[in-house]
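Examining the three-dimensional arrangement
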Amino acid sequence: INLSWGTWLKKMGSYNDGQVWVAELVGTTVFCVLGLGGIANAVLPGTKGHGIGFLGIAFCFGWGVFLALQFMGRISGFYNPAVALAGAVVGDIGWTRMLVCISAEMVGGFVAAILIWFTYLPHFQPLEFVQQGEDSLCNCCDLETGGVAVIKQELSEPAHRYVSAGTRGQRTTKSKVQPSDAEQPQLSAQSFWQTVKILMTGACKYDPQDDANEGSVNKLHPGARVKAKRQACGPSVRQRIEEDQEVKLTVFCTRPSVRKHYWLYCFWAECFLTFLLTYGAFSISNQGNILISDGAETSLYKTGLQPLLIGFLVFGLILCGGGTTGPALNPARDLAPRFAHWILPIPGKGPSEWWYSWVPILAPCAGAVLGGLFAKSMKHMLVAGL
């Protein structure tokens, strides 16, 4: 997003490509640090802000845009490859300058992901193995030493909704795996392979040999026994591992809230919201260029009014339309951190879900180009007095 669009274009000659590259790098890093940091604080187990919810995450992204524009917007203020592309398409910047901006923005997103990972390093913990209590009814998940996989801190409901909404079908992970949450020594290597066997064959399945075992579960009718075991187990080991992987991935990049026809719903959401973002940002700048003098516009910029309006725009768009995808609205905010997730030595991480990565790249670019063209046509109408 470029703040004070006309003023910045007039000053373009005074800034070389190197200065613009640094401005875009710093601005994108600041923006992504605040946004990704808000997600990490909201969803990672054990953080002080765990469960702040979607409202808190949206505020962090909006405030990140405001600060980035306030810090570096007078030099260059895109911080978004899609919006930089829109600027080149409508002729406001050259294609070479666009490539300079995009390269800096991608590096900024990657640097921000590294910084957030290191900041929250203690909370990127792997699943722990604990001993289940003697009074537990769970026999189906028993290992040789009676252990099951748990996360040290349970996810709160706001974090649960943000991370896992609908992406794993009908499976739920709201209940605890076991009542015991005390830390115990880790299981042996033999028990580890027993866990792998559970993951491959599935947990919470009725075994007729359990009839010979002692315990209140086996006194029930076979059908009731299986149901009771599932309730006692809560989520299976496989579900808890998937949940843990989702939490860690969500810190870095966006995920679809629905898998069925995600390519349609998610693409539309990202495209439409980025259209509104680009049109709104360009309109705020164009309105100042048309209706007030350059001196007054500079004064508005220095007081932070225009950066604040852009920040509120981002905040509102994420809050009203971000439930489907996250959202990204910005390839540098998704692709670069996704790459960081792929290469970082995060314990217990899962796949980086590259099958979805094309949506937060192509959809924002399409929406930004349409938004830029629409904003330019509206500006011409205002200038012509139509």
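By the naming in an unreviewed UniProt entry, the protein chain is Aquaporin, taken from Sphagnum jensenii. Under the UniProt heading Subcellular location (unreviewed entry), the note attached to the protein chain is "Membrane". Under the heading Sequence similarities (unreviewed entry), UniProt records this for the protein chain: "Belongs to the MIP/aquaporin (TC 1.A.8) family."

The next subject is empty space enclosed by the protein. Within the structure shown, the criterion is met by four cavities of 30 Å³ or more. Roughly 170 Å³ of volume is contained in the largest cavity. Every residue lining the largest cavity is counted, 17 residues in all, and those nearest its centre are Phe31, Val65, Leu277, Val314 and Asn330. Elements with a minimum of two residues in the lining of the largest cavity: α3 (53–72) and α12 (305–321). The leading source of residues in the lining of the largest cavity is α3, at four residues. Tallied by class, residues from the lining of the largest cavity come to 14 nonpolar, two polar and one charged.

Across the interface, α3 lies against α12 with an axial gap of 8 Å and an inter-helix angle of 155°. Relative to α12, the element α3 is oriented roughly antiparallel. The chirality of how α3 crosses α12 is right-handed. When α3 is examined against α12, the residues Phe54, Leu55, Ala58, Phe59, Phe61, Gly62, Trp63, Val65, Phe66, Leu69 and Gln70 are found in contact with a partner set consisting of Pro307, Leu308, Ile310, Gly311, Val314, Phe315, Ile318 and Leu319. Taken together, the residues that form the contact of α3 with α12 break down as 16 nonpolar, three polar and no charged.

UniProt's entry tags residues 20–44, 51–72, 102–121, 262–282, 308–329 and 355–375 with the feature "transmembrane region" (unreviewed entry), counted in the numbering of this structure. Within residues 102–121, the helical portion is 90% and the strand portion 0%, while the C-alpha atoms at the span's ends are 28 Å from each other. The span residues 355–375 carries 81% helix and 0% strand; its end-to-end C-alpha distance comes to 33 Å.

Let us now look at the side chain of arginine 97. Secondary-structure assignment places arginine 97 in helix α5 (residues 95–119). Side-chain polar atoms of arginine 97 contact the side chain of aspartate 17, separated by 2.8 Å.

Secondary-structure assignment places arginine 333 in helix α13 (residues 331–343). Put simply, arginine 333 is tucked away with no salt bridge, and the nearest opposite charge, on aspartate 334, sits 4.8 Å away. At 3.3 Å, the side chain of arginine 333 forms a polar contact with the backbone oxygen of phenylalanine 252. Not counting the four nearest positions on each side in its chain, arginine 333 is found in contact with Phe31, Cys32, Leu36, Ile39, Phe61, Phe252, Cys253, Thr254, Pro327 and Ala328.

This next bit is on the pattern of salt bridges. Tallied over the full model, the rule gives five salt bridges. Of the charged contacts in the structure, one is a salt bridge between lysine 248 and aspartate 244, with a shortest N-O distance of 2.9 Å. With lysine 248 and aspartate 244 both in helix α9 (residues 237–252) and four residues apart, the pair spans about one turn of that helix. Classification of lysine 248 as buried rests on a relative accessible area of 2%. Residue classification places aspartate 244 among the buried residues on the basis of a relative accessible area of 6%.

Relative orientation of the contacting elements helix α4 (residues 81–89) and helix α14 (residues 359–384) amounts to 40°, with a least axis distance of 8 Å. As the angle between them shows, α4 and α14 are arranged oblique. Judged by the twist between their axes, the crossing of α4 over α14 is right-handed. On α14, the residues that touch Ala82, Val83, Leu85, Ala86 and Val89 of α4 are Pro364, Cys365, Ala368, Val369 and Leu373.

A separate point is the environment of glycine 323. Along the chain, glycine 323 turns up in the loop between α12 and α13. Exposure remark for glycine 323: the relative accessible area of 60% places this residue in the exposed category. Setting aside anything within four residues of it in sequence, one finds glycine 323 in contact with Phe54 and Ser257.

Criteria and thresholds
Residues numbered from 1 in each chain as written. Predicted model: local features only at pLDDT ≥ 70, side-chain atom pairs only at ≥ 80, totals over all residues. Heavy atoms only, no water. UniProt positions renumbered as here; feature names shortened; annotations may be inferred. 1 Å grid on protein atoms, 1.4 Å probe; cavity = no way out; pocket = protein on both sides within 12 Å on 5 of 7 lines; lining within 4 Å. Points joined across faces, edges and corners; volume = space filled by probe spheres on them. Helix = DSSP H or I, 4+ residues; strand = E, 2+ residues; numbered from the N terminus. Nonpolar A, V, L, I, M, F, W, Y, C, P; charged D, E, K, R; others polar. Axes fitted to C-alpha atoms, helices over the stretch in contact; angles between N-to-C directions. Parallel < 35°, antiparallel > 145°, perpendicular 65-115°, else oblique. Left-handed = near helix turned anticlockwise from the far one by under 90°. Contact = heavy atoms within 4.5 Å. Polar contact = N/O pair within 3.5 Å; in protein donor to acceptor, adjacent residues only side chain to side chain. Buried < 20%, exposed > 50% of the residue type's maximum accessible area, 1.4 Å probe, protein only. Lys, Arg positive; Asp, Glu negative; His and termini not counted. Salt bridge = Lys/Arg side-chain N within 4 Å of Asp/Glu carboxyl O.

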